[in-house]
Amino acid sequence: MSLREIFSPGPLPPAHLTRRRDFWLSLMGIMLLAGLLMGVERLAGGYWVHMTCLAGIYLVLASGYNLVNGVTGQFSLAPNAFVACGAYVTSLLTMAPAEKALNFILEPLVWPLSVIHLPLGLALVIAGLVTALMAFGMGFTVFRVRGDYLAIVTLGLGEVIRVVANNAQGVTNGPLGLKGIPHLTNNLWWTWGLAVVALFVLTRLAKSSYGLALKAIREDEGAAESMGINVFWHKMLAFTTDAFLEGMAGGLLAQLITTISPSLFTFFLTFNLLIIIVVGGLGSMTGAALAALLITFGGEWLRVVEEPMSLLGLSVPGIPGMRMVIFSLLLMACMIFMRRGLLGKSEFSWRWLLAVLSRRGPRP
Amino acid sequence: MDGTQFLQQIINGLTLGSLYALIAIGYTMVYGILRLINFAHGDVLMVGCYLAWFGAVQFGLPWWAALVGSMALTALLGVLIDQGAYRPLRTAPRISALITAIGVSFFLENLGLVIFGGRPKAFERPEIFNQLYQIGELRVLSHSVWVPIITALVLAGLLWMIYRTRLGMAMRALSRDLVTVQLMGIDTNRVVAITFAIGSALAAAGGIFWAMKYPQINPLMGVLPGLKAFVAAVLGGIGNVVGAVLGGLVLGFCEIMLVALWPEMAGYRDALAFVLLIGFLLFRPTGILGQELPS
């Protein structure tokens, strides 16, 4: 029996009949997640807490990115710009003025930023809004072009943001970056809280009439336009929503690693997210979430290839950097042999899970 | 800025622009035929540099032998990439091929890091390119004289090939309509392979002259020249070899003049290419030469 047969559930019950049951199942799922997080926080060491936070952040980044690339079909390569923007804004707003003065030794921080000191929640929302505003501005140029030109323009804008971060010393401290960003002790709850909210909002958005319009644009832009969909503003909606979420996730990322510099936000970051959404299936939110977990934890597991090991008495030296080689091969293989990724364009649903579980034995 | 300085900057711009042009030709030829942005082009350039470095330093080859050997091997690499990674996706959506190209690019970069290590290697300038001519205040390195000459020769050769040979005719036809050309009994895969070979060999040459100008090579050296050369190809009108050279020269001059006229803006030099790109795409998407893009 092939994998596809194992996981194909046959006819599903209509969604409106199972809505109440699905709601309770989702609630139970969230409670289970909370229990797991509590377990990680109490029992596992700091390393695992760090990894779980990172996985949550990647989950938000990837599912937001998927809204633009997968659902709307606009191949943007700009998420590194959004993450950078969110990380810088959050850090500048939450660092204590004394800490900022210690950081900015070459050129003092510009005035209003040098005295502002805000609680994290507010800072994150502001970071999201600023990033969304930036995306809004970028959208006017980006969505003049399509397809691979759009990819190059967004890649270029990402590069421009990095160059600006390197040179606008009065705001970003240039290549030195920011150090001593307050480390958030309960980052686990912030991150996964954001992840649950983001996933909820994004799956609902993808299912709503707006989401249908976005998918129509992905399938055929001209046809969508002739059906009366305002293509430009719908693309803009996806782009700014993505930017808002990525800005907030970027802020949490800065709080997690406590040191940021422009070199952190290169195309490399975008590449990681691209692998995640391709593996998860371009267009599937739950696929992106699943792949974010798989790639983050799988990447840690892959560290064995970089460490020296002994195979059957033979000692094999570790090869540093080998993980990225494997990841790039994974991306290529995914595109050539498994273009649908894990979930294709479909979403995980309780109806599907229950149907698969309740089926006994091979189907006739 | 006085006259001599201005002339000096013109020469600098001409050299840099010619280097961009050499790299941009490969981009524009592949895009013209397959409508594929070959993201890995810059990294193919990097591999070419390392091959030349190995030839010159490890095997003690004379510089011209290292150059020719590296170009040949890099051409082979280009063909292998096309056959292995792009050919299975010929009929797939264009975005799939683009994602694969990004994968190839990262693969080459990281394999380079694993094999060659991250530490930059010194790249020696051969004697013939290292002579300094002094005319009054003006100082010109023979490298700056040779590079534009070589680019001009390459351009002339390519134009002859594209407009005067059967292979060139096949290429021009392919850029119009791949399927129809296939139906006419032309071995399209062979033509595409030759295109990749030529583009990659030129990337290797461009990379090696680039490494002679900034005498250092590292596994990530191809990223920025690659991206900028793509911008140059778009600037000139993508799919057009003359346009690629023109775009390369324009980009080279603009970058040099930005730094020369406003030295305090030097940090923003790498962003200039993308600002130019966005400006062009907004106001003249067909590039300088303005050829209509077949969609």
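Preceding block: the structure.
Residues numbered from 1 in each chain as written. Chains lettered and ligands numbered in written order. Predicted model: local features only at pLDDT ≥ 70, side-chain atom pairs only at ≥ 80, totals over all residues. Heavy atoms only, no water.

## Focus on the overall build of chain A
Counting its secondary structure elements, chain A contains 17 helices and two strands. For 364 residues, the compact-globule estimate of 2.2 N^0.38 gives 21 Å, and the C-alpha radius of gyration of chain A, at 22 Å, lies within 12% of that figure. By principal-axis analysis of the C-alpha atoms, chain A measures approximately 75 × 65 × 40 Å. For chain A, the proportion of its 364 residues judged to be buried stands at 49%. Look at the contacts in chain A between residues 6 or more apart in sequence, and 80% of them connect residues 24 or more apart. (Helix = DSSP H or I, 4+ residues; strand = E, 2+ residues; numbered from the N terminus. Rg over C-alpha atoms; globule rule 2.2 N^0.38 Å. Buried < 20%, exposed > 50% of the residue type's maximum accessible area, 1.4 Å probe, protein only. Contact = heavy atoms within 4.5 Å.)

## Let's talk about the overall build of chain B
The helix and strand tally for chain B stands at 11 helices and four strands. On C-alpha atoms alone, chain B measures out to a radius of gyration of 19 Å, which is about the 19 Å that the 2.2 N^0.38 rule sets for 295 residues. If you line up chain B on its principal axes, its C-alpha atoms span 60 × 50 × 35 Å. In chain B, the share of contacts with a sequence separation of at least 24, taken over all contacts with a separation of at least 6, comes to 74%. Element-wise, carbon and sulfur atoms account for 65% of the exposed surface of chain B, whose accessible area totals about 12,700 Å². (Areas by Shrake-Rupley, 256 points an atom, 1.4 Å probe, with all protein chains shown as cover.)

## Considering a nonpolar patch on the surface
Residues and elements named next belong to chain B. Side chains of Trp 63, Trp 64, Ile 128, Tyr 133, Val 145, Trp 146, Ile 149 and Leu 153 sit close together on the surface and give an oily, nonpolar patch of about 760 Å² of accessible area. At four residues, the largest contribution of residues to the nonpolar patch is made by helix H5 (residues 142–164). When you line up the elements, Ile 128 lands in the loop between strand S1 (121–122) and strand S2 (132–135). Since its relative accessible area comes to 32%, Ile 128 is described here as partly exposed. (Patch = residues over 30% accessible without salt bridge, like charges linked within 9 Å, V, L, I, M, F, W, Y side chains within 5 Å. Salt bridge = Lys/Arg side-chain N within 4 Å of Asp/Glu carboxyl O.)

## Comments concerning the environment of Arg 94 of chain B
If you trace the backbone, Arg 94 of chain B turns up in helix H4 (residues 94–116). Since its relative accessible area comes to 42%, Arg 94 of chain B is described here as partly exposed. Taking the C-alpha atoms as reference points, Arg 94 of chain B and Leu 34 of chain B, separated by 60 residues in sequence, lie 9.3 Å from one another. Residues in contact with Arg 94 of chain B, not counting those within four places in the same chain, are Asp 148 of chain A together with Tyr 31 and Arg 35 of chain B.

## Quick word on the pattern of salt bridges
Within the structure shown, the criterion is met by 10 salt bridges over all chains. Across the pair Arg 162 of chain A and Glu 159 of chain A runs a salt bridge whose closest N-O atoms are separated by 2.7 Å. Of this pair, Arg 162 of chain A and Glu 159 of chain A are both found in helix H8 (residues 147–167), three residues apart, which corresponds to roughly one turn of the helix. For Glu 159 of chain A, a relative accessible area of 11% corresponds to the buried category. Glu 255 of chain B is the salt-bridge partner of Arg 269 of chain B, the closest N and O atoms lying 3.3 Å from each other. You can see Arg 269 of chain B sitting in helix H11 (residues 269–283) and its partner Glu 255 of chain B sitting in helix H10 (residues 241–261), a full 14 residues away along the chain. Looking at Glu 255 of chain B, the relative accessible area reads 0%, which means it is buried. It is possible to trace a salt-bridge network through shared partners that takes in Lys 228, Glu 255, Arg 269 and Asp 270 of chain B.

## A word on helix H4 (residues 79–94) of chain A
Spanning 16 residues, H4 of chain A covers 22 Å between terminal C-alpha atoms, matching the ideal 22 Å at 1.5 Å per step. By the criterion of burial, H4 of chain A is predominantly enclosed, with 16 of the 16 residues buried. (Expected span 1.5 Å × (residues − 1).)

## Some details on the interface of chain B and chain A
Listed per partner, the contact involves 39 residues of chain B and 39 residues of chain A. Buried surface at the junction of chain B and chain A, summed over both partners, amounts to about 3,300 Å²; 84% is from carbon and sulfur atoms. Put simply, chain B and chain A have one salt bridge between them. Across the contact surface, chain B and chain A share two residue pairs in polar contact (both at pLDDT 80 or more). Elements with a contribution of two residues or more to the side of chain B that touches chain A: helix H3 (63–86), H4, helix H9 (223–236) and H11 of chain B. With 14 residues, the top contributor of residues to the side of chain B that touches chain A is H4 of chain B. Partitioning the side of chain B that touches chain A into residue classes produces 30 nonpolar, six polar and three charged. (Buried area = accessible area lost by both parts, 1.4 Å probe. Polar contact = N/O pair within 3.5 Å; in protein donor to acceptor, adjacent residues only side chain to side chain. Nonpolar A, V, L, I, M, F, W, Y, C, P; charged D, E, K, R; others polar.)

## Details of the side chain of Thr 94 of chain A
Residues and elements named next belong to chain A. Tracing the chain through its elements places Thr 94 in helix H4. We classify Thr 94 as buried; its relative accessible area is 7%. Within the structure, Thr 94 has its side chain in polar contact with the backbone oxygen of Thr 90 (distance 2.8 Å). At 3.1 Å, the side chain of Thr 94 and the side chain of Gln 255 are in polar contact. Not counting the four nearest positions on each side in its chain, Thr 94 is found in contact with His 117, Leu 118, Pro 119, Leu 120, Ala 123, Pro 182 and Gln 255.

## Regarding the nonpolar core
Ranked by size, the top nonpolar core spans 184 residues in total, and within it Leu 77 of chain A together with Ile 25, Phe 39, Tyr 86, Ile 102 and Leu 158 of chain B carry the most contacts. Ranked by size, the runner-up nonpolar core spans five residues in total, among them Ala 213, Ile 217, Ala 224 and Ile 229 of chain A. (Core = buried A, V, L, I, M, F, W, Y, C linked by side-chain atoms within 4.5 Å.)

## Some points on the packing of H4 of chain A against helix H13 (residues 231–257) of chain A
All names here are of chain A. The contact between H4 and H13 brings their axes to 7 Å, and the two run at 50 degrees. With respect to H13, the axis of H4 lies oblique. With respect to the hand of their crossing, H4 and H13 are arranged in right-handed fashion. Side by side, H4 and H13 meet where Pro 79, Phe 82, Val 83, Gly 86, Ala 87, Thr 90, Ser 91 and Thr 94 of the first sit next to Phe 239, Asp 242, Ala 243, Glu 246, Gly 247, Gly 250, Gly 251, Leu 253, Ala 254 and Gln 255 of the second. (Axes fitted to C-alpha atoms, helices over the stretch in contact; angles between N-to-C directions. Parallel < 35°, antiparallel > 145°, perpendicular 65-115°, else oblique. Left-handed = near helix turned anticlockwise from the far one by under 90°.)

## Quick word on the pairing of S2 of chain B
Residue and element names in this part refer to chain B. Relative to strand S3 (residues 138–141), S2 runs antiparallel, the two being bridged by four bridges. Looking at S3, one finds that Tyr 133 is bridged to Val 140. The antiparallel pairing of S2 with S3 creates a hairpin that spans two residues between the two strands, and Gly 136 there sits at a positive phi of about 65 degrees. (Pairing = 2+ DSSP bridges.)

## Considering unusual backbone geometry
Residues other than glycine seldom take positive phi values, yet Asn 173 of chain A does so here, at roughly 65 degrees. Under the relative-accessibility criterion, Asn 173 of chain A is labelled buried at 2%. Phi is positive for Arg 35 of chain B, which is not a glycine, with a value near 55 degrees. Position of Arg 35 of chain B relative to the elements: it lies in the loop between helix H1 (3–34) and helix H2 (41–58). Take Arg 35 of chain B: its relative accessible area is 16%, and that puts it in the buried class.

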